[in-house]
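Working through the structure, step by step
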Amino acid sequence: MHPVRIESLDIHALTHTLDHGPGEAPVTYPVLWAQETSYGLHMARAFVGHPKIHFIERHVIPALGLLVNRFSGTDWITQNSYYVDIASISTTGSCWVTRDLYLDLSIRLDGTPTVLDTDEYLTALREGLLKPDEAAWSLTCLHQVVNGVLAHRDLEVWLRTQGVELSWRGAPSLTSAATP
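A short tour of the structure in this document, coming up. (Residues numbered from 1 in each chain as written. Predicted model: local features only at pLDDT ≥ 70, side-chain atom pairs only at ≥ 80, totals over all residues. Heavy atoms only, no water.)

1. As for the pattern of salt bridges
Per the counting criterion, the structure on display carries seven salt bridges. Its salt-bridge partner being R70, residue E156 comes within 3.7 Å of it at the nearest N-O pair. In this pair, E156 sits in helix α4 (residues 155–161) while R70 sits in strand β7 (residues 66–72), placing the two residues 86 residues apart along the sequence. The exposure class of R70 is partly exposed, given its relative accessible area of 28%. Residue R160 pairs with E165 through a salt bridge whose shortest N-O separation is 3.8 Å. (Salt bridge = Lys/Arg side-chain N within 4 Å of Asp/Glu carboxyl O. Helix = DSSP H or I, 4+ residues; strand = E, 2+ residues; numbered from the N terminus. Buried < 20%, exposed > 50% of the residue type's maximum accessible area, 1.4 Å probe, protein only.)

Laid out in structure tokens, this is it:
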């Protein structure tokens, strides 16, 4: 079982560092852009070296414990609108830190949510990788987002009822990405 994945996003340095825990060195990627919003943070970066995903755009929403992701470059995106990670989120200066709390949600184009990684969540809980308060936060956030999506049939409609208005820039074209 893998330990909690910790991600650090420095909005001034425009870096995104993934720390997968002991035994693996943290990896830092350049961020294309990061913008603070009234509800959290909106950022994007290229997926370096991934065979199917080439770009991620993410909204970080601390009050709801959500990392709302859209991916480009894979068949997954033709069937799904969002991939939502449940996380604890904190900030220190220009650095945003997220702790992935194992539970995830995939939302199909028709608005159908599918809960993912419950097995990882339960194993992490049994192995002491999640503190009881983190486990409770993770379940609470997951239930809130699933119930919201089911009630409104759309993630963004539900988020608007929570005071969160998402915007999406989309993946840059190859020509615009190469142009300074």
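2. Overview of the nonpolar core
Ranked by size, the top nonpolar core spans 28 residues in total, and within it I61, L66, V84, V145, L155 and L159 carry the most contacts. Put simply, the parts of the chain that give this core at least two residues each are β7, β8 (80–92), β9 (95–108), α2 (118–126), α3 (132–152) and α4. In terms of residues, this core owes the most to one element, α3, which gives six residues. Residue contacts for V84: discarding those within four places in its chain leaves L66, L67, V68, N69, L103, D104, L105, I107 and L155. Counting ten residues, the second largest nonpolar core, distinct from the first, contains I11, V31, L67 and A87. (Core = buried A, V, L, I, M, F, W, Y, C linked by side-chain atoms within 4.5 Å. Contact = heavy atoms within 4.5 Å.)

3. A look at α3
Helix length check: α3 (21 residues) gives 30 Å between terminal C-alpha atoms against 30 Å at 1.5 Å per residue, within 8%. Among all positions of α3, only E134, A135, S138, C141, L142, V145, V146, G148 and V149 are buried. Elements that come into contact with the buried residues of α3 comprise β7, β8, β9, β10 (113–116), α2 and α4. Phi turns positive one or two residues past the end of α3, at R153, with a value near 60°. (Expected span 1.5 Å × (residues − 1).)

4. Brief notes about the packing of aromatic side chains
Following the criterion strictly, the structure yields three aromatic pairs and no others. For the ring pair F71 and Y83, a centre distance of 6.2 Å and an interplane angle of 55° mean the geometry is tilted. In this pair, F71 is assigned in strand β7 and Y83 in strand β8, connecting sequence segments twelve residues apart. Between Y82 and W168, the aromatic rings sit 6.2 Å apart at their centres with planes inclined by 45°, giving tilted as the arrangement. (Phe/Tyr/Trp six-rings, centres within 6.5 Å; stacked < 30°, edge-to-face > 60°.)

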